[in-house]
Amino acid sequence: MAEITGDQRVQHEVLEGLATAVNHRHWFAELALPYLGSDPIEIGSGLGDYALEWAPHTTRFTATEGEPDRLVALKERLAGHPDIEVRQLVLPSQEEGAYTAAVSYNVLEHIEDDRRALQTMGRLVRPGGAVIIIVPAFPFAMSPVDIATGHVRRYTLRSLGRVMNRADLRVERINYTNALGLIGYYMATSVFRLTPKEGAMVKLYDKLVLPATKAVEQRVRPPFGQSVFAVARRPR
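Just so you know, these numbers come straight off a predicted model, no measurement behind them.

Draft legend 1. Structural context of the pattern of salt bridges. Per the stated rule, a full pass over the model turns up eight salt bridges. Residues Glu 30 and Lys 214 are paired through a salt bridge, measuring 2.9 Å at the closest nitrogen-oxygen approach. Within this pair, whereas Glu 30 is found in helix α2 (residues 22–36), its partner Lys 214 is found in helix α9 (residues 200–217), the two being separated by 184 residues in sequence. Judged by its relative accessible area of 38%, Glu 30 is partly exposed. We classify Lys 214 as buried; its relative accessible area is 18%.

This is the structure we're talking about:
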């Protein structure tokens, strides 16, 4: 992935906080499963939480990081998993591949040239392969936490779909997800100026509120959400 700017301490706190949100991670991991195929690559694997969720469902899984220190930590954490290859990848690049899918969660919003980054993801997959994206939703929710963690932008369905089309990808699915999460995130970060990190509030939300949100959204796609989930295809 591209170099991530912003406050490394805040970024670490947010990643650690998300790591404790087990139900949230399970839900978002499930969203990508139907599209991964047998040999996917993850762009920006962070602490490796999603890699560990997805790898058992694939024949081979490739996890990547661009930042050297995080890459070392990722290799150490995944060292006991021979089915997961860990390597460095910086976007955008001219690299080409034949992976069944390229999946990237909460990375694209950090990259200034998101079109070129998506073009790289498209080149990494075989014709017909999937590019699976989750990004934070709605510019109005841009908060001090977003800025501190190096977010360049937040997306809408229209803006993400547009940049995917400009990257020569064919959008197959795009929708908002985690509607109540948007309300909670906005109140916490923009109104009360809090940082979402490990603690009682995150665990309480993950245990009580998120399962109900997931159950509803499995039946009805919401008109808004904390994130945009999208799947696009490299043309055959």
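On we go from here.
Draft legend 2. The arrangement of the packing of aromatic side chains in detail. One pass over the full model with this rule turns up 10 aromatic pairs. With a centroid separation of 5.5 Å and an interplanar angle of 70°, the aromatic rings of Trp 27 and Phe 28 are classed as edge-to-face. Note on Trp 27: relative accessible area 4%, which makes it buried. Ring geometry for Tyr 50 and Trp 54: centres 5.2 Å apart, planes at 20°, overall stacked. In this pair, Tyr 50 and Trp 54 are both assigned in helix α3 (residues 49–54), four residues apart and thus about one turn of the helix distant. The exposure classification of Tyr 50 matches that of Trp 54, with both residues buried. Three or more aromatic residues joined by ring pairs form one cluster here, namely Trp 27, Phe 28, Tyr 50, Trp 54, Phe 61 and Tyr 105.

Conventions we followed
- Residues numbered from 1 in each chain as written.
- Predicted model: local features only at pLDDT ≥ 70, side-chain atom pairs only at ≥ 80, totals over all residues.
- Heavy atoms only, no water.
- Salt bridge = Lys/Arg side-chain N within 4 Å of Asp/Glu carboxyl O.
- Helix = DSSP H or I, 4+ residues; strand = E, 2+ residues; numbered from the N terminus.
- Buried < 20%, exposed > 50% of the residue type's maximum accessible area, 1.4 Å probe, protein only.
- Phe/Tyr/Trp six-rings, centres within 6.5 Å; stacked < 30°, edge-to-face > 60°.

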